[in-house]
Amino acid sequence: MPSRLSRVCCWLLPLAAASAGGSELSDASAARARGGALFYFGSAAERAHDREGALAAYGTLLGSVPGDAALAFRAARLAAMGENLPQGRRWIDGVIAAAPDRPEGYIGLARYLDLYQPRGGREAFSARALDAAQLASERFPADLAVCVLNVDLLLARGRAGDALEAVRRCAAARADGVTDPGGRWLGLAREAERIAGHGAAEAAEEVAALYARAVEVDPTDPAVVDPAANHHIGERRYGRAIEVLEPLVAAHPELALPREKLARLYRIAGRGGDALAAARSMVRAFPNEARTQRLLAELCEEAGDFEGAVAARSRAAQLAGVSEEDALAIAVALADEIDPPRRGEALRWIDRGLAAAPASHRLHHMRAIVLVQVGRDGEAASSYRQAERIAAAVAPEVLDPAFYYRWGAAAARAGEVEEARRLLSRSVEAVPEGRPELAAPALNYHGYLLVERGIELEAAGEMLLRAVRLDPDNPDYLDSLGWLYYHEGQLRKAQVELRRAVQLLGGEAVADPRVVEHLRAVREALGDPPS
């Protein structure tokens, strides 16, 4: 029994058809109203899975507008689902008959034959689909949609070479006098890229040529130039990407993204001066863009202009809030790169960053480093502990020998000898296999710590000898070993190591005063005259 919606449609359709003549409404407006009602009922029936009602509505509507390709394909799809393939074909043929000078019907026919195939007749229908696509290509050789159809069908059958030929034929037809915007050439370039992705290596040259043609036609259209630039970037042809972007940026200075992309390309291409000039120009044009300020900061850092970098990152933080990256970069610049250092200001930025990102192991670590730099070794321990706790869960690789060495040295200077020894031992334990030289700084510091306190000199000797074996020309390690020998009473051996340390440092006049004092102490103990 027909559904209620089908019965309603069967009652309304004759009424809609009858209104075609004999009334005051039988004009274009009435036709549009009648068509709208039929389409509404067809859509409603389709949503209700009432194929019969939908087909009745669409069929009646197609009787009055046989050239509507989208409607014909929709109706044909429903007919095919009900295995009424001939009816679907008739509707699509009606589109072709009504509009033989338009490609939509031919495209619909090819896709219909490709998608809906009778049981047991797949190969025959597949061939017919390709024939229909070929016919469309012959009738409309320069049409992009027809080209896309052919590429779809041919790639689905593993015929990438033939698909590329279809693109070439379409491109040739356009070159023979078809006037078209660059966007259509861009579409062909994308089809060629798709073919290249299916293993057709020879498509690469076609892709480049089509992108070049698209940019040649519309050199200042962002919708054309930006994808072309992205293609060149993907192929690492940065110089070519710069060439296509520069005219766009000159024509559209109000567009921020192409300008930013151009600045970054200058940077990649090693044109740091051009990149910095482009970024500064962007900041003048878009002073309230945090992203632009950060790009300028990065380029200033690379150029060694750390004052400029701090100013740009400070502005970015003002515009978008302090980020972990901003706070860290500003702190590094203020503490280590600017002369004289502004380490108090660096600590304030770190604290602002931690307020926004309290779980940043990098900021806690940097805070510890700056506290050590300003002589607050005891306070640094808390920041080191926080950095260790957080990094252990999210970035254990940063807990390397250098991390524990710096922490242990700070603990030693703060008078926490046992804590310092634990951390220096942990530094040695963290040395990865195959990199024994990374243990040398902690071995040297730990051994020297014991020597200075006059304890466990045998263990200290083992550590210092190991450090010297790992780095035999390091004057600090030779100084530590010589000082151990002095405390053990091996004065001649002490003199040998300390003299060598002083020589490596450039002589007594320029050497580290601590090392020179150690050598003088040994000379006095030996009764040698002063140098």
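Above this text is the structure in question.
Residues numbered from 1 in each chain as written. Predicted model: local features only at pLDDT ≥ 70, side-chain atom pairs only at ≥ 80, totals over all residues. Heavy atoms only, no water.

## Some details on the overall build of the chain
Of the regular secondary structure elements, the chain holds 28 helices and 0 strands. Across the chain, contacts joining residues at least 24 apart in sequence account for 50% of those joining residues at least 6 apart. Approximately 26,200 Å² of the chain is accessible, and the part contributed by carbon and sulfur atoms is 52%. (Helix = DSSP H or I, 4+ residues; strand = E, 2+ residues; numbered from the N terminus. Contact = heavy atoms within 4.5 Å. Areas by Shrake-Rupley, 256 points an atom, 1.4 Å probe, with all protein chains shown as cover.)

## Things to note about unusual backbone geometry
Here the residue pair Asp339 and Pro340 is connected by a cis peptide bond, since its omega of 0° sits within 30 degrees of zero. Looking at where Pro340 falls in the secondary structure, it is placed in the loop between helix H18 (324-337) and helix H19 (343-356). Of note in the backbone geometry, Arg236 takes a positive phi value of approximately 60° without being a glycine. Residues other than glycine seldom take positive phi values, yet Glu456 does so here, at roughly 45°. Relative to the helices and strands, Glu456 is located in the loop between helix H24 (440-453) and helix H25 (457-470). When its relative accessible area of 43% is taken as the criterion, Glu456 is described as partly exposed. (Buried < 20%, exposed > 50% of the residue type's maximum accessible area, 1.4 Å probe, protein only.)

## Quick notes on the packing of aromatic side chains
Following the criterion strictly, the structure yields 8 aromatic pairs and no others. With centroids separated by 5.5 Å and ring planes inclined at 85°, the aromatic side chains of Tyr384 and Phe403 adopt a geometry described as edge-to-face. One end of the pair, Tyr384, is in helix H21 (residues 377-394); the other, Phe403, is in helix H22 (residues 401-413), with 19 residues separating them in the sequence. Relative accessible area serves as the criterion here: at 2%, Phe403 is assigned to the buried category. Ring geometry for Phe403 against Trp407: centres 5.9 Å apart, planes inclined by 80°, an arrangement best described as edge-to-face. Linking Phe403 with Trp407, this pair stays in helix H22, spanning 4 residues, or about one helical turn. There is no split in this pair, since Phe403 and Trp407 are both buried. Linked through ring pairs, Tyr384, Phe403, Tyr404 and Trp407 together constitute an aromatic cluster. The ring centre of Trp349 lies 4.3 Å from the NZ or CZ of Arg352, which sits over that ring. (Phe/Tyr/Trp six-rings, centres within 6.5 Å; stacked < 30°, edge-to-face > 60°. Lys NZ or Arg CZ within 6 Å of the ring centre and 35° of its normal.)

## Digging into the packing of helix H10 (residues 182-196) against helix H11 (residues 203-217)
Where H10 meets H11, the closest approach of the two axes is 8 Å, and the angle between their N-to-C directions is 165°. One element, H10, and the other, H11, form an angle in the roughly antiparallel class. The crossing of H10 and H11 is left-handed. Here Gly182, Trp185, Leu186, Leu188, Ala189, Arg190, Ala192, Glu193, Ile195 and Ala196 of H10 come into contact with H11, specifically with Ala203, Val207, Leu210, Tyr211, Arg213, Ala214 and Val217. (Axes fitted to C-alpha atoms, helices over the stretch in contact; angles between N-to-C directions. Parallel < 35°, antiparallel > 145°, perpendicular 65-115°, else oblique. Left-handed = near helix turned anticlockwise from the far one by under 90°.)

## So, the side chain of Thr292
Inspection of the secondary structure assignment puts Thr292 in helix H16 (residues 290-303). Judged by its relative accessible area of 5%, Thr292 falls in the buried class. Thr292 has contacts with Ala279, Met282, Val283 and Phe286, leaving out every residue within four places of it along the chain.

## A word on the layout of surface pockets
Of the pockets and cavities examined, the largest pocket occupies roughly 280 Å³. If you go around the largest pocket, you meet 15 residues; those closest to its centre are Asn444, Tyr445, Tyr448, Ser480 and Arg514. Class assignment of the residues belonging to the lining of the largest pocket gives a composition of 7 nonpolar, 3 polar and 5 charged. (1 Å grid on protein atoms, 1.4 Å probe; cavity = no way out; pocket = protein on both sides within 12 Å on 5 of 7 lines; lining within 4 Å. Points joined across faces, edges and corners; volume = space filled by probe spheres on them. Nonpolar A, V, L, I, M, F, W, Y, C, P; charged D, E, K, R; others polar.)

## Topic: the packing of helix H27 (residues 491-504) against helix H28 (residues 513-526)
Running from N to C, H27 and H28 cross one another at 150°; their axes reach a closest spacing of 9 Å. Taken together, the axes of H27 and H28 lie roughly antiparallel to each other. Note that H27 runs across H28; the crossing there is left-handed. Listed contacts from H28 to Leu491, Arg492, Ala494, Gln495, Leu498, Arg499, Ala501 and Val502 of H27 are Val515, His518, Leu519, Val522, Arg523, Ala525 and Leu526. Its residues placed into classes, the contact of H27 with H28 shows 10 nonpolar, 2 polar and 3 charged.

## Points about the environment of Val468
Turning to its location among the elements, Val468 is positioned in helix H25. Take Val468: its relative accessible area is 14%, and that puts it in the buried class. Considered as a pair, Val468 and Asn444 are 24 residues apart in the sequence and their alpha carbons are 8.3 Å apart. Residue contacts for Val468: discarding those within four places in its chain leaves Tyr477, Leu478 and Leu481.

## Overview of empty space enclosed by the protein
Under the counting rule described, the total for this entry stands at 1 cavity of 30 Å³ or more. Approximately 40 Å³ is the volume attributed to the largest cavity. Lining the largest cavity are Ser137, Phe140, Pro141, Asp143, Val146, Cys147, Asn150, Ala166 and Cys170. Contributing elements (two or more residues each) for the lining of the largest cavity: helix H8 (144-156) and helix H9 (160-175). The dominant element in the lining of the largest cavity, judged by the number of residues it contributes, is H8, at 3 residues. Here the lining of the largest cavity is built from residues that sort into 6 nonpolar, 2 polar and 1 charged.

## Some remarks on the side chain of Glu260
Counting through the fold element by element, Glu260 comes out in helix H14 (residues 256-268). What makes Glu260 buried here is its relative accessible area of 4%. Ignoring anything within four residues of it in the chain, the contact list for Glu260 reads Met282, Arg291 and Leu295.

## Notes on helix H26 (residues 475-488)
Helix length check: H26, at 14 residues, gives a terminal C-alpha distance of 20 Å against a target of 20 Å (1.5 Å per residue), a fit within 8%. Along H26, the residues classified as buried are Pro475, Tyr477, Leu478, Asp479, Ser480, Leu481, Gly482, Trp483, Leu484 and Tyr485. Next to the buried residues of H26 lie H24, H25, H27 and H28. The N-terminus of H26 is capped by Asn474, whose side-chain oxygen sits 2.9 Å from the backbone nitrogen of Asp476. Looking at the residues trailing H26, positive phi occurs at Gly489, about 85°. (Expected span 1.5 Å × (residues − 1). Polar contact = N/O pair within 3.5 Å; in protein donor to acceptor, adjacent residues only side chain to side chain.)

## Topic: the nonpolar core
In globular proteins that are soluble, nonpolar side chains generally tend to be buried together. Core analysis: the largest hydrophobic core is formed by 69 residues, its most contacted members being Val167, Leu188, Ile195 and Leu210. If one sorts the elements of this core by residue count, H8 sits on top with 8 residues. Look past the residues within four positions of Leu188 in its chain and what remains in contact with it is Leu144, Cys147, Val167, Cys170, Ala171, Arg174 and Leu210. With 38 residues, the next largest nonpolar core counts Val322, Leu347, Leu354 and Leu449 among its residues. (Core = buried A, V, L, I, M, F, W, Y, C linked by side-chain atoms within 4.5 Å.)

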